[in-house]
Amino acid sequence: MSAYQAFKACVPIEWSDKLYITLVRGMPGTRELHRRTLEALHLRKCNRTVVRKNTPTVRGMLQQVKRLVAIETKEMYEARKQREANQRALRPPLVISHHPAPKTDSSQ
């Protein structure tokens, strides 16, 4: 288990004042009730994130569509974004020399 997954497992969602909700699965093929719930949460496209207050109403809506969304706290969201930014960061170029190595005179 990665450190992020361990962190994600330890943080109770109930303690957070805001929830970061990301739609991770598409809406085609889902029930009409689930589609209307996602529209009420303003989730219309995959991999889009919205921020909602952590209220019993919102948690009930999320319980209904839990297989379609990923729910994160602010700390979890920022850790994920930082990890993704680090993966996309520019790395120093790899320098390869195609010149032959200078010969050393071992006979002297």
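Structural notes, computed from the coordinates. Note that the structure is a prediction, hence the values are computed from the model and not measured.

Within the largest apolar cluster, 13 residues are counted, with the highest numbers of intra-cluster contacts made by Ile21, Leu38, Leu41, Leu43, Leu62 and Val69. Put simply, the parts of the chain that give this core at least two residues each are strand S1 (18-23) and helix H3 (56-64). Tallying contributions element by element places S1 first for this core, with three residues. If sequence neighbours within four positions are ignored, valine 69 has contacts with Ile21, Thr22, Leu23, Val24, Leu38, Leu43 and Leu62.

Relative to the assigned elements, histidine 34 resides in helix H2 (residues 32-40). When residues no more than four places from it in sequence are discounted, the contact partners of histidine 34 are Gln64, Val65 and Leu68.

Buried residues dominate S1, accounting for five of its six residues. Of the pairings in the sheet, the one linking S1 to strand S2 (residues 49-53) comprises five bridges and is antiparallel in character. Opposite lysine 18, over in S2, you have lysine 53 as the bridge partner.

If you trace the backbone, asparagine 54 turns up in the loop between S2 and H3. Looking at asparagine 54, the relative accessible area reads 14%, which means it is buried. There is a polar contact of 2.8 Å between the side chain of asparagine 54 and the side chain of arginine 59.

What counts and how
- Residues numbered from 1 in each chain as written.
- Predicted model: local features only at pLDDT ≥ 70, side-chain atom pairs only at ≥ 80, totals over all residues.
- Heavy atoms only, no water.
- Core = buried A, V, L, I, M, F, W, Y, C linked by side-chain atoms within 4.5 Å.
- Buried < 20%, exposed > 50% of the residue type's maximum accessible area, 1.4 Å probe, protein only.
- Helix = DSSP H or I, 4+ residues; strand = E, 2+ residues; numbered from the N terminus.
- Contact = heavy atoms within 4.5 Å.
- Pairing = 2+ DSSP bridges.
- Polar contact = N/O pair within 3.5 Å; in protein donor to acceptor, adjacent residues only side chain to side chain.

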